Amino acid sequence: MNRRLPVNFIIGAVLVALVVGTAALSLVWTPHDATQLTISNKFAAPSSTHWLGTDQLGRDVLSQLMAGARNSMAVALVAVLLGGSVGVALGLLASAIGGWVEDGVMRLADLGFAFPALLFAIMLAAVFGPSLTNAVLAIAFINIPVFARVTRGAANQVWTYDYVLASRAAGLNRFAISRDHILPNIAAAIIVQATIEFAVAILAEAALSYLGLGAQPPASSWGRILSEAQTLMYIAPQLAIYPGLCIVVAVVGFGLLGDGLRDMSDPRLSRER
Amino acid sequence: MFELDDFSVSFGSGTALRYANLEIREGDRLGIVGESGSGKTMLALCLMGMAPDAATISGRLSIDGQDMTHANERLWQQMRARRVAMIFQEPMTALNPLRRIGDTVMEPLIVHDGLSRAQARMRVLALLEEVGIPDPPARMRMFPHELSGGQRQRVLIALALACNPALLIADEPTTALDANVALRITDLLVRLAHERGMALVFITHDLAAVARTTENIVVMYGGDMVERGPTAQVLANPAHPYTKGLLGARPDPTAPARDANGKRRRLPTLPGTVPPLSALPQGCRFSGRCAVELDYCATTRAPDHAVDANRAAACHLLGGVKP
């Protein structure tokens with residue numbers, strides 16, 4: 001394999017590795033306790049003890065950002081896995097059965113698309129109270145139609161392939177075919193979509209936490225750090241810039257990684273390069 | 001065993017198969033020949049219960065006396081693999097590229113016959129041996145891309161035979177293979193059919209292959225079965241104008257390359273092309289291209305006329321009318 005990797009894949013992979021590495025590191029080590037208040041040391045400038053300084057309550061900024069990375073990754077992972085599993089299952093089902101089941105699932109997906117995610121999250125928060133779990137559920141929910149649509153489209157194509165015909169002729173039922181023949185052959189498309197949805201989920205989590213519908217204090221979240229720093233924009237603009245940058249790096253990273261994976265999985269593109 | 005009575009398949013206004021009558025008995029070896037678009041593959045898919053969802057089916061199809069014309073998918077799944085199995089034209093694409101061939105062939109055994117993986121493995125080894133694949137234990141672990149076209153077709157035959165079907169449908173099994181390999185595959189199919197007492201429906205446009213493999217033949221054109229009878233007799237002495245044209249179109253390697261005037265001799269062809277489904281003539285499908293057409297051929301469907309004791313052809317000319 002001396003094929004050159006796409007540039008967007010390399011940049012994406014580096015950024016993602018940075019974010020995921022930071023999140024993983026925060027599990028075992030942060031420079032300080034992210035929730036440790038030291039009011040006497042508020043708005044400290046960057047120093048050897050506080051690399052990015054401290055915030056309005058004297059908490060270590062770097063430690064908070066690292067804990068926030070962990071939070072973002074966890075939320076995005078659970079939401080995408082949850083929404084992806086349900087969506088993929090629905091898409092496979094729609095494609096395998098066809099007819100009114102397919103139409104029904106796809107119209108429901110359209111409905112899901114038409115429903116603003118933020119509105120759904122606010123609704124959940126209004127009914128069950130704001131919590132990280134509800135934020136995860138809301139993000140998972142908006143992922144279902146996306147995955148259902150991608151899966152059904154890719155699966156419908158695979159259903160026309162000769163080897164699917166051959167396995168039908170061998171007497172396999174639609175579910176066995178979906179599991180053994182369709183799913184492995186559309187896995188690439190699903191993984192690409194999952195990577196891109198990961199970026200969307202990070203953004204959604206930040207937005208929900210910013211609005212106070214996601215991570216609740218004292219848990220760290222980029223969105224929440226951003227909303228707390230907003231009122232201090234004229235005093236300490238860096239407190240808002242850091243979490244903003246983190247969000248940008250994570251979203252752009254996963255976005256580029258997804259794009260790069262798609263380029264790699266599409267032989268037409270790789271030949272043109 | 002398998003019976004079709006006035007079986008028709010249509011899509012909207014187009015008819016893919018019209019009043020097909022066919023009986024396949026145990027151990028029969030039947031050839032189906034015709035051009036692309038003549039309805040051969042549609043016939044095969046219908047025998048498998050795999051007609052496209054959009055198809056409208058009329059008439060009757062029965063298997064072992066059971067009416068399967070409008071049978072549901074579940075009932076068909078019971079029939080497939082056990083009563084009827086099929087191999088396809090393109091061995092290159094008929095195997096899942098991401099699965100080891102052993103897993104692919106084991107699958108129907110596990111699903112249908114309820115065998116354990118170990119039992120299924122033993123059966124697959126025997127099957128691969130039977131279809132002439134060398135070193136089955138090693139081949140089982142290979143992916144399709146590691147095998148040649150002929151080997152893949154053998155794997156597909158093993159897959160089709162896994163649950164001991166009473167009828168094997170081979171839809172142009174050799175079209176994608178080179179001549180030498182094709183010959184070996186056709187011989188393999190005949191041998192397997194003979195050894196297992198299995199009926200074989202061999203769909204092809206290779207007239208030499210059909211002569212080699214089958215006892216009886218059905219000639220199809222535009223969705224009609226235009227001629228039927230013992231293979232040797234039909235090929236030696238065709239009765240239907242289409243069959244005559246088809247046989248006349250075989251290249252003659254002994255003929256000189258240039259005619260008396262020194263012009264390059266052209267291969268004999270049938271005039272025109274098969275019209276699309278929606279534009280087929282209402283009567284005899286071959287009217288418009290037929291050299292001995294009568295004035296009512298285009299509007300009146302020709303019934304089967306007996307040619308002799310066990311042969312029939314659907315042509316008005318055989319009904320006692322003088323051309």
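Residues numbered from 1 in each chain as written. Chains lettered and ligands numbered in written order. Predicted model: local features only at pLDDT ≥ 70, side-chain atom pairs only at ≥ 80, totals over all residues.

Quick word on the overall build of chain B
Selection criterion: Helix and strand definitions here come from DSSP, where helices need a minimum of 4 consecutive H or I residues and strands a minimum of 2 consecutive E residues; each element is numbered from the N-terminal end. For this measure, only C-alpha atoms enter the radius of gyration; the expected value for a globule follows 2.2 Å times N^0.38, where N is the number of residues. Each residue is classified by how many other C-beta atoms fall within 10 Å of its C-beta atom, where C-beta atoms are placed from the backbone; a count of 20 or more means buried, 12 or fewer means exposed, and values in between mean partly exposed. Remark: residues whose backbone-derived C-beta atoms lie within 7 Å of one another are considered to be in contact.
If you tally the helices and strands in chain B, you get 10 helices and 12 strands. Here the C-alpha atoms of chain B give a radius of gyration of 21 Å, agreeing with the 20 Å that 2.2 N^0.38 yields for 323 residues. In terms of principal-axis extent, the alpha carbons of chain B reach across some 65 × 50 × 35 Å. Split into buried and exposed, the 323 residues of chain B put 45% on the buried side. Residue pairs in contact within chain B that sit at least 24 positions apart in sequence constitute 61% of those at least 6 positions apart.

Description of the overall build of chain A
Of the regular secondary structure elements, chain A holds 10 helices and 0 strands. Over its C-alpha atoms, taken along the principal directions, chain A stretches across nearly 75 × 55 × 30 Å. Going through the 273 residues of chain A one by one, you find that 48% of them count as buried. Looking at chain A alone, contacts between residues at least 24 apart form 72% of all its contacts between residues at least 6 apart.

Here we look at the domain arrangement of chain B
All names here are of chain B. To be explicit about the condition: Per the annotation, domain bounds derive from an automatic or database assignment of domains. Classification convention: Asp, Glu, Lys, Arg as charged; Ala, Val, Leu, Ile, Met, Phe, Trp, Tyr, Cys, Pro as nonpolar; all other residues, Gly among them, as polar.
Taken domain by domain, chain B holds domain 1 (2-214) and domain 2 (224-249 + 268-319). Across the boundary between the two partners, domain 1 contributes 14 residues, which contact 8 residues of domain 2. Contributions of two or more residues to the side of domain 1 that touches domain 2 are made by β2 (14-24) and α8 (207-213). At 5 residues, the largest contribution of residues to the side of domain 1 that touches domain 2 is made by β2. The residue makeup of the side of domain 1 that touches domain 2, split by class, is 6 nonpolar, 6 polar and 2 charged.

Brief notes about the interface of chain B and chain A
Accessible area lost when the parts come together is the quantity often used to give the size of an interface. Listed by partner, the interface residues are 24 residues for chain B and 18 residues for chain A. Sorting the residues of the side of chain B that touches chain A by element identifies β6 (84-87), α3 (101-112) and α6 (149-161) of chain B as the ones contributing at least two each. When residues in the side of chain B that touches chain A are grouped by element, the largest group, 4 residues, is from α3(B).

Examining the environment of Ser220(A)
Residues and elements named next belong to chain A. Residue placement: Ser 220 occurs in the loop between α7 (174-210) and α8 (222-230). Its 25 C-beta neighbours within 10 Å are what place Ser 220 among the buried residues. Between the C-alpha atom of Ser 220 and that of Gly 255, which follows or precedes it by 35 residues, the distance is 23 Å. Those residues in contact with Ser 220 that sit more than four places away from it in its chain are Ala 34, Gln 64, Ala 67, Gly 68, Asn 71 and Ile 225.

What about the environment of Met79(B)?
All names here are of chain B. Within the secondary structure layout, Met 79 lies in helix α2 (residues 73-79). Taking the C-alpha atoms as reference points, Met 79 and Asn 180, separated by 101 residues in sequence, lie 34 Å from one another. Those residues in contact with Met 79 that lie beyond four places of it in its chain are Gly 49, Ile 63, Met 68 and Val 84.

Section: the environment of Thr30(A)
All names here are of chain A. Inspection of the secondary structure puts Thr 30 in the loop between α1 (7-28) and α2 (61-97). Sequence separation between Thr 30 and Ala 67 is 37 residues; the distance between their C-alpha atoms is 8.1 Å. Residue contacts for Thr 30: discarding those within four places in its chain leaves Ser 63, Met 66 and Ala 67.

Examining the sheet that holds strand β4 (residues 56-63) of chain B
Residues and elements named next belong to chain B. Cut-off, in case you're wondering: Two strands pair under a simple rule: DSSP has to find at least two bridges between them. Note on definitions: angles span 0 to 180 degrees between N-to-C directions of axes, and those axes are lines fitted to C-alpha atoms, for helices only across the stretch in contact.
Strand order in this open sheet of 4 strands is β2-β1-β4-β5, and the pairing throughout is antiparallel. In the strand order of this sheet, the two ends are held by β2 and β5 (66-67), each with one partner. Alignment of strand β1 (residues 2-11) against β2, held across 7 bridges, turns out to be antiparallel. Across the sheet, Phe 7 pairs through a bridge with Ala 20, a residue of β2. Each of β1, β2 and β4 is contacted by helix α1 (residues 40-47), which is oriented at about 60 degrees to β2, the strand it contacts most.

So, unusual backbone geometry
Residues and elements named next belong to chain B. At Asp 135, a residue that is not glycine, the phi angle is positive and equals roughly 50 degrees. As for its placement among the helices and strands, Asp 135 is situated in the loop between α4 (117-130) and α5 (136-140). Overall, the presence of 10 C-beta atoms within 10 Å leaves Asp 135 in the exposed class. One non-glycine residue, Glu 172, lies in the positive phi region at around 45 degrees. With respect to the element layout, Glu 172 can be found in the loop between β7 (167-171) and α7 (179-196).

A closer look at α6(B)
At 3.6 residues per turn, the α-helix brings residues three or four places apart onto the same side. Which entries qualify depends on this criterion: Take the number of residues in a helix, subtract one, and multiply by 1.5 Å to get its expected span.
Under the 1.5 Å per step criterion, the end-to-end length of α6(B) is 18 Å for 13 residues, consistent within 8% with the ideal 18 Å. Burial runs high along α6(B): 12 of the 13 residues are buried. Along α6(B), the positions that sit buried rather than exposed are Gly150(B), Gln151(B), Arg152(B), Gln153(B), Arg154(B), Val155(B), Leu156(B), Ile157(B), Ala158(B), Leu159(B), Ala160(B) and Leu161(B). Elements that come into contact with the buried residues of α6(B) comprise α6 (162-169) of chain A together with β6, α3, α4, β7 and α7 of chain B.

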